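# Results of the structural survey
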Amino acid sequence: MTITTLKPDTDAQLADAVRWALSAGESLEVLGSGSRRGLGRPVRTTHALDLSALSGIVAYEPEELVLTARAGTPMALILPLLAERAQHLAFEPPEGGTLGGVIACGLAGPRRISAGSARDHALGMAGVSGRGEAYKGGGKVVKNVTGYDLPKLMAGSFGTLTAFTELTVKVLPAPEDTATLLLFGLDDVAAVGVLDRALRSPYDVSGAAHLPDGLAARSTVSALARAGGAVTLVRLEGFGPSVAARVAALREELRADVVLDAPESRAVWREIRDVGCLGGVGDGGGSGAGPGPLPNPPPPSAGEGADLYARLTPSPAPAGEGWGGGQGGQGGDTPHLWKLSVPPASGPSVVAAIRRTLAVEAFYDWGGGLVWLTAPPDSVAAIRRAVGAQGHATLIRAPDEVRAVTAVFQPPPDPLMALTRRVKDSFDPKGVLNPGRLYAGV
Amino acid sequence: MKMPVPDSGVIARRRAIVEALRAIVPGEGVIVDEAELRAYECDGLTAYRQLPLVAVLPSTVDQVSRILKTCQEMGVKVVPRGAGTSLSGGALPLADGVLLGMGKFKRILDIDYANRCAVVQPGVTNLGISNAVAGEGFYYAPDPSSQIACTIGGNVAENSGGVHCLKYGLTTNNLLGVELVLMDGTIVRLGGKHLEAGGYDLLGIVTGSEGLLGIVTEVTVRILRKPATARAVLIGFPSSEQGGDCVAAIIAAGIIPGGMEMMDRPAIHAAEAFVHAGYPLDVEALLIVELDGPAAEVDHLIGRVAAIAADKGAVCTRVSNSEEERLAFWAGRKAAFPAVGRISPDYYCMDGTIPRKALPQVLTRMTELSARYGLRVANVFHAGDGNLHPLILYDANQPGELERAESFGNDILRLCVEVGGVLTGEHGVGVEKRDLMTDQFDAADLEQQQRLKCAFDPDGLLNPGKVFPTLHRCAELGRLHVHQGELRFPDIPRF
Ligand SMILES: Cc1cc2nc3c(=O)[nH]c(=O)nc-3n(C[C@H](O)[C@H](O)[C@H](O)COP(=O)(O)OP(=O)(O)OC[C@H]3O[C@@H](n4cnc5c(N)ncnc54)[C@H](O)[C@@H]3O)c2cc1C
Ligand SMILES: Cc1cc2nc3c(=O)[nH]c(=O)nc-3n(C[C@H](O)[C@H](O)[C@H](O)COP(=O)(O)OP(=O)(O)OC[C@H]3O[C@@H](n4cnc5c(N)ncnc54)[C@H](O)[C@@H]3O)c2cc1C
């Protein structure tokens with residue numbers, strides 16, 4: 001089946017497109033830049049809605065801590081603009097794709113533990129609902145409780161409620177300096193114990209991760225690659241004198257082995273954010289039936305950053321390259337990538353429970369609360385059983401045909417699922433926008 | 001302010017409703033006596049009063065669920081209430097509605113330091129949480145000035161803030177999960193002890209929903225390690241423009257202070273007369289900048305803030321050198337409301353947010369409005385995030401003054417929206433700002449919000465008459481107006 005891609009140039013055209021789909025009984029796959037179509041449940045639609053033409057900065061006011069941009073604005077445009085004013089998106093989103101995509105996927109990097117997620121930085125939105133109606137929610141100031149907090153609901157809605165046209169996000173000063181403490185050779189339980197101590201300390205830790213034996217060796221940062229075993233990482237960021245004082249104090253308290261300087265520290269946390277040691281989240285490529293993936297924009301910063309990015313993709317993954325779902329038909333026994341959100345202290349026990357039946361590779365971020373793991377195909381039941389009701393597991397990277405028949409996102413218990421359906425219906429009663437992306441039938 | 005016309009049919013069935021509630025909550029948990037009901041007739045917005053049909057004080061989640069289910073079946077409205085400190089009338093009772101008080105849910109269920117969170121019942125006070133974890137050096141960050149009294153359930157419903165929320169966030173940024181009972185009695189859990197809840201961010205929508213979507217019966221909050229130190233700088237400026245410039249320059253320098261408060265001349269004078277904090281009286285704007293965190297950081301930043309202040313024309317700068325001095329700087333600001341209460345029989349506290357750069361313009365217009373309405377105004381201001389609290393001084397015993405104060409307040413809030421801000425930064429819409437919602441939102445915006453309410457409460461029985469200026473039936477809101485084949489979008493580029 002060939003897919004026609006509609007690419008509106010204006011908000012009015014976007015509303016027209018959705019209204020047309022409503023009246024014609026068609027459905028639309030919503031695309032930012034389509035950089036990661038091979039993630040989430042594959043959407044079966046006859047048409048794609050490419051929002052990348054709705055692009056551009058609307059207002060950037062560093063002193064007000066807000067940025068308003070069209071939803072299709074590439075992150076590669078936004079991040080350098082913020083960097084010029086020594087600001088950033090504190091939730092550490094990926095550097096590719098569009099602002100709309102980052103918010104729609106509700107993404108956050110290692111700084112999630114101290115700065116929150118995309119949802120915590122989404123202040124305002126405008127868009128077109130599945131009813132074909134243009135509306136807005138939230139505001140353009142950092143503090144606002146007027147009406148329901150719709151920008152939060154939009155964060156992590158994966159394009160299933162509304163096609164965004166404009167987003168306002170909170171921006172914050174970027175840390176002047178950063179350093180990372182490394183501890184070598186800890187097992188998972190001991191490592192999460194150390195991370196807990198670091199996070200309970202008054203030293204404002206902004207990254208807390210653990211790469212078990214075998215995974216650290218895949219890092220491009222030599223202190224990790226040469227560690228010869230597990231590496232536990234604690235990041236400190238802020239003003240120079242403050243970082244120096246905290247590094248000294250915490251190094252002593254945790255008996256850290258090594259301190260990474262700022263460039264190495266930035267490199268290693270970028271790898272962790274991008275799941276480098278397990279091959280990356282994959283850049284998908286869709287079902288192969290569509291227009292094909294649009295190229296991922298290049299990473300923003302030249303020099304060291306760009307260089308590192310190049311070294312990471314394809315990254316030194318165990319099974320080589322070709323991880324994205326886009327390589328649809330690839331070997332049936334290639335491990336799948338999972339993302340687990342659990343109470344931080346439970347991270348190691350959840351992984352241990354999974355290991356009892358499956359051969360997996362796993363590492364921890366968010367002090368143990370985020371577990372990335374690769375597992376053999378057909379591990380869904382075992383993984384979800386281990387996670388239980390205390391969190392949830394998302395299948396991130398697997399071939400299209402697997403994701404099409406797997407509950408990629410962990411289905412909530414029945415009463416919550418019923419509420420979820422009603423929420424979807426309240427924005428998109430006919431299932432025009434990304435039908436089935438989140439859950440079958442939603 | 002018009003509330004929905006009470007349903008006389010429901011009022012006529014009061015006896016049956018009371019009996020049904022008594023079957024669920026035995027004994028004194030159902031209140032029908034008029035004198036006892038008086039305790040619930042208003043919240044912190046005392047200008048509006050209404051006795052509820054009946055009040056019920058459940059003590060278990062199962063009771064809450066059965067009460068809601070029963071009310072839904074009987075077509076009876078429900079108004080949730082925590083401590084009743086809302087400043088926007090969110091907990092104002094309805095003549096034909098059940099007031100559901102959550103005051104008996106007072107237990108701290110679980111303090112989990114390894115996951116850096118606490119699980120509490122909704123009737124626990126905001127300060128109660130911080131006190132419970134203080135022994136281990138932790139606290140719960142959002143700190144509304146009402147924190148001794150207000151409940152965490154009310155905080156969730158209002159998405160409350162405090163002076164530290166620029167750096168530490170509002171309630172919504174410090175929550176991990178809630179248990180919520182829907183109007184049909186269904187119990188759902190949103191989030192938990194994990195950082196990222198799966199599925200739609202319903203926790204984000206419930207937070208700040210002002211009791212319109214469900215009853216919060218359990219809350220999991222993040223707890224933080226207390227900052228090692230805190231120091232404050234007290235800075236006086238000859239004009240509010242310079243004060244505003246200084247705030248912008250501090251932020252432009254990459255500094256996000258733990259707190260950054262500004263007061264105007266009337267507020268400074270009222271506070272100084274009340275608590276003798278040692279504030280300078282010859283300035284137009286007074287800024288309190290508090291830096292908190294590791295000592296090395298605070299010492300470093302104090303110097304930078306003082307330098308910025310000098311550069312921006314500060315006429316007096318004092319840096320706290322002891323905890324007593326820091327608290328003295330805050331004493332005046334913390335007492336600003338009662339201080340204003342001393343110089344005027346009544347005051348009306350507003351709560352709009354503006355882009356900070358609009359401050360001089362807004363203050364000038366406010367002075368003009370003050371002259372026009374013949375009412376004085378004092379300003380305290382969460383300067384870091386642009387959240388204004390103008391206090392309008394009036395005397396309720398003078399005929400027409402309350403109405404004038406309200407009109408003045410409405411003009412201020414419209415002005416906030418006009419300059420690119422919003423109607424409320426932390427106190428909520430409630431009944432107070434309900435009819436101003438159309439100044440900030442178009443009909444389409446409000447209808448979409450109301451459709452979302454329909455997903456939680458299809459009969460519109462939970463706290464109706466709050467937040468939305470016009471009530472619509474869900475069936476009407478859900479209707480789609482599309483015409484077959486009407487649009488062929490000829491202009492849209494396609495591939
Ligand atoms: C289920 C899933 C999980 C992911 N997890 C991670 C992760 O953990 N780490 C990581 O680095 N990357 C992750 N990604 C990749 C992420 O999509 C990209 O990094 C990028 O942020 C999106 O790029 P894009 O703008 O090209 O959007 P696309 O790839 O085109 O779309 C991504 C999603 O966002 C929606 N979307 C995009 N634009 C809009 C808009 N304007 N309005 C409404 N919806 C829109 C789409 O419908 C789609 O569901 C994930 C993606 C998905 C789908
Ligand atoms: C002196 C004073 C100072 C204040 N300072 C601040 C401040 O600095 N920052 C700030 O943000 N606010 C402030 N407030 C406002 C007020 O304290 C907050 O809005 C507070 O969160 C209300 O909590 P409460 O328990 O009193 O709730 P109530 O007033 O009882 O109710 C508030 C709303 O929440 C709903 N509700 C209550 N409990 C529940 C529940 N369990 N489930 C569902 N809905 C519920 C009610 O229906 C109502 O709509 C102040 C108020 C006063 C009087």
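Residues numbered from 1 in each chain as written. Chains lettered and ligands numbered in written order. Predicted model: local features only at pLDDT ≥ 70, side-chain atom pairs only at ≥ 80, totals over all residues. Heavy atoms only, no water.

Along the backbone of chain B there are 18 helices and 19 strands. Taking 2.2 N^0.38 as the reference for a compact globule, 495 residues should give roughly 23 Å; the C-alpha atoms of chain B span a radius of gyration of 24 Å, in line with that estimate. Dimensions of chain B, computed from the C-alpha atoms along their principal axes, are close to 70 × 65 × 55 Å. By sequence separation, contacts in chain B at least 24 residues apart represent 72% of the contacts at least 6 residues apart. Taken as a whole, chain B presents about 17,800 Å² of accessible surface, with 51% of it coming from carbon and sulfur. Each charge class in chain B was averaged separately, 46 positive and 59 negative side chains, and the resulting centres sit 3 Å apart. (Helix = DSSP H or I, 4+ residues; strand = E, 2+ residues; numbered from the N terminus. Rg over C-alpha atoms; globule rule 2.2 N^0.38 Å. Contact = heavy atoms within 4.5 Å. Areas by Shrake-Rupley, 256 points an atom, 1.4 Å probe, with all protein chains shown as cover. Lys, Arg positive; Asp, Glu negative; His and termini not counted. Charge placed at Lys NZ, Arg CZ, Asp CG, Glu CD.)

Our focus in this paragraph is the domain arrangement of chain A. All names here are of chain A. Domain annotation of chain A identifies domain 1 (1-173 + 282-300 + 309-326), domain 2 (177-278) and domain 3 (336-417). Contacts between the two partners involve 20 residues from domain 1 and, on the opposite side, 15 residues from domain 3. Between domain 1 and domain 3, the buried area comes to about 1,400 Å², and carbon and sulfur atoms account for 58% of it. The tally of links from domain 1 across to domain 3 stands at 0 salt bridges. Residues that form the side of domain 1 that touches domain 3 fall into these classes: 9 nonpolar, 8 polar and 3 charged. (Domains from an automatic or database assignment. Buried area = accessible area lost by both parts, 1.4 Å probe. Salt bridge = Lys/Arg side-chain N within 4 Å of Asp/Glu carboxyl O. Nonpolar A, V, L, I, M, F, W, Y, C, P; charged D, E, K, R; others polar.)

Residues and elements named next belong to chain B. Around ligand 2, a shell composed of 32 residues is seen, among which Pro80, Gly82, Thr85, Ser146 and Thr151 lie nearest. Between Val216 and ligand 2, the recorded distance is 2.9 Å, taken from a backbone N or O atom to a nitrogen atom. Bound to the protein, ligand 2 loses 92% of the 970 Å² it would expose on its own. For the shell around ligand 2, the secondary-structure elements that each account for two or more residues are strand E3 (77-81), helix H6 (152-158) and strand E10 (215-222). Broken down by element, the residue count for the shell around ligand 2 peaks at 5 residues, all from H6. Here the residues of the shell around ligand 2 sort into 11 nonpolar, 17 polar and 4 charged. Structurally, the shell around ligand 2 is a two-domain feature, drawing no fewer than three residues from each of domain 1 (8-101) and domain 2 (108-225). (Near = heavy atom within 4 Å. Polar contact = N/O pair within 3.5 Å; in protein donor to acceptor, adjacent residues only side chain to side chain.)

A word on the side chain of Ser88 of chain B. All names here are of chain B. Tracing the sequence through the fold places Ser88 in the loop between E3 and strand E4 (97-101). Assessed through its relative accessible area of 0%, Ser88 is described here as buried. In this view, Ser88 contacts Leu45, Glu158, His427, Gly428, Val429, Gly430, Val431, Glu432 and Lys433; residues no more than four positions away in its chain are not counted. (Buried < 20%, exposed > 50% of the residue type's maximum accessible area, 1.4 Å probe, protein only.)

As recorded in UniProt, the feature "domain: FAD-binding PCMH-type" (unreviewed entry) lies at residues 48-226 of chain B. In residues 48-226 of chain B, the share of helix is 21% and the share of strand is 26%. The end C-alpha atoms are 39 Å apart. (UniProt positions renumbered as here; feature names shortened; annotations may be inferred.)

Turning our eyes to something else, we now look at the nonpolar core. If you look at the biggest cluster of nonpolar residues, it comprises 203 residues, and the most contacted ones within it are Leu153, Leu233, Leu340, Leu373 and Val423 of chain A together with Leu287 and Phe456 of chain B. A total of 7 residues in this core trace back to one element, the largest contributor, which is helix H15 (residues 401-418) of chain B. Among the nonpolar cores identified, the runner-up in size contains 25 residues, and Val18, Val25, Leu53 and Val56 of chain B belong to it. (Core = buried A, V, L, I, M, F, W, Y, C linked by side-chain atoms within 4.5 Å.)

Residue and element names in this part refer to chain B. Summed over all chains, the structure comprises 1 disulfide over all chains. Here Cys454 pairs with Cys474 through a disulfide, and the sulfurs are 2.0 Å apart. Across the S-S bond linking Cys454 and Cys474, the dihedral sits near -90 degrees, which makes this disulfide left-handed. A residue pair is termed long-range when its members are at least 10 positions apart, and Cys454 in helix H17 (residues 443-456) and Cys474 in helix H18 (residues 474-478) qualify at 20 residues. Taking the relative accessible area as the measure of exposure, Cys454 reaches 14% and is therefore buried. (Disulfide = S-S within 2.5 Å.)

In this section: the sheet that holds E10 of chain B. Sheets are built from strands that pair by backbone hydrogen bonding, the pairs being arranged parallel or antiparallel. All names here are of chain B. The strand order across the open sheet built from 5 strands is E5-E6-E10-E8-E9, with neighbouring strands paired in antiparallel fashion. Each of the sheet's edge strands pairs with one partner strand only, and the pair in question is strand E5 (108-112) and strand E9 (187-191). Recorded for the sheet is a direction-independent mean angle of 10 degrees between the axes of neighbouring strands. One ladder, built from 4 bridges, connects strand E6 (residues 117-120) with E10; its direction is antiparallel. Looking at E10, one finds that Cys117 is bridged to Arg222. Lying over the sheet, helix H4 (residues 61-74) contacts strand E8 (175-181), E9 and E10, oriented at roughly 50 degrees with respect to E8. (Pairing = 2+ DSSP bridges. Axes fitted to C-alpha atoms, helices over the stretch in contact; angles between N-to-C directions.)

Taken together, the contact between chain B and chain A spans 103 residues of the former and 90 residues of the latter. Between chain B and chain A, the buried area comes to about 8,000 Å², and carbon and sulfur atoms account for 60% of it. Between Glu297 of chain B and Arg246 of chain A there is a salt bridge, with its nearest N and O atoms 3.8 Å apart. Our count for the contact surface shared by chain B and chain A stands at 33 residue pairs in polar contact (both at pLDDT 80 or more). Taken together, the elements giving at least two residues each to the side of chain B that touches chain A come down to helix H7 (165-168), E9, helix H8 (202-206), helix H9 (240-252), helix H11 (295-311), helix H16 (437-440), H17 and H18 of chain B. A per-element tally of the side of chain B that touches chain A places H17 of chain B first, with 9 residues.

Let's shift gears to the environment of Asp311 of chain B. Residue and element names in this part refer to chain B. With respect to the helices and strands, Asp311 occurs in helix H11. Classification of Asp311 by relative accessible area gives exposed; the value is 62%. Expressed as a C-alpha distance, the spacing of Asp311 and Arg333, which sit 22 residues apart in the sequence, is 24 Å.

On to helix H7 (residues 188-200) of chain A. Side chains of residues three or four places apart in an α-helix project in the same direction, reflecting 3.6 residues per turn. Residues and elements named next belong to chain A. The end-to-end C-alpha distance of H7 is 18 Å, a good match for the 18 Å that 13 residues give at a rise of 1.5 Å each. Looking only at H7, the buried set comprises Asp188, Ala191, Val192, Val194, Leu195, Asp196, Ala198 and Leu199. With a side-chain oxygen lying 3.2 Å from the backbone nitrogen of Val189, the N-terminal cap of H7 falls on Asp187. (Expected span 1.5 Å × (residues − 1).)

Attention shifts here to the environment of Arg333 of chain B. Residues and elements named next belong to chain B. With respect to the helices, strands and loops of the structure, Arg333 is situated in helix H12 (residues 323-334). Separated by 171 residues in sequence, Arg333 and Gly162 place their C-alpha atoms 13 Å apart. In this structure the side chain of Arg333 is engaged in a polar contact, spanning 2.8 Å, whose partner is the side chain of Glu261.

What follows is about the domain arrangement of chain B. When its domains are assigned, chain B resolves into domain 1 (8-101), domain 2 (108-225), domain 3 (228-343), domain 4 (344-432) and domain 5 (443-487). One C-alpha centre belongs to domain 3 of chain B, the other to domain 5 of chain B, and the line joining them spans 46 Å.

This part is about unusual backbone geometry. A positive phi angle is found at Arg255 of chain A, which is not glycine, with a value near 55 degrees. Checked against the element boundaries, Arg255 of chain A lands in the loop between helix H9 (240-254) and strand E14 (258-260). Accessibility expressed as a relative area gives 68% for Arg255 of chain A, which makes it exposed. Phi at Asn463 of chain B is positive, roughly 50 degrees, even though this residue is not glycine. For Asn463 of chain B, the location among the structural elements is in the loop between H17 and H18.

Moving on to the packing of H9 of chain A against H11 of chain B. Their axes nearest at 8 Å, the elements H9 of chain A and H11 of chain B cross at an angle of 165 degrees. Judged by the inter-axis angle, H9 of chain A sits roughly antiparallel to H11 of chain B. You can see that H9 of chain A and H11 of chain B cross each other, and the crossing is right-handed. On H11 of chain B, the residues that touch Pro241, Ser242, Ala245 and Arg246 of chain A of H9 of chain A are Ala296, Glu297 and His300 of chain B. Grouping the constituent residues of the contact of H9 of chain A with H11 of chain B by class yields 3 nonpolar, 2 polar and 2 charged. (Parallel < 35°, antiparallel > 145°, perpendicular 65-115°, else oblique. Left-handed = near helix turned anticlockwise from the far one by under 90°.)

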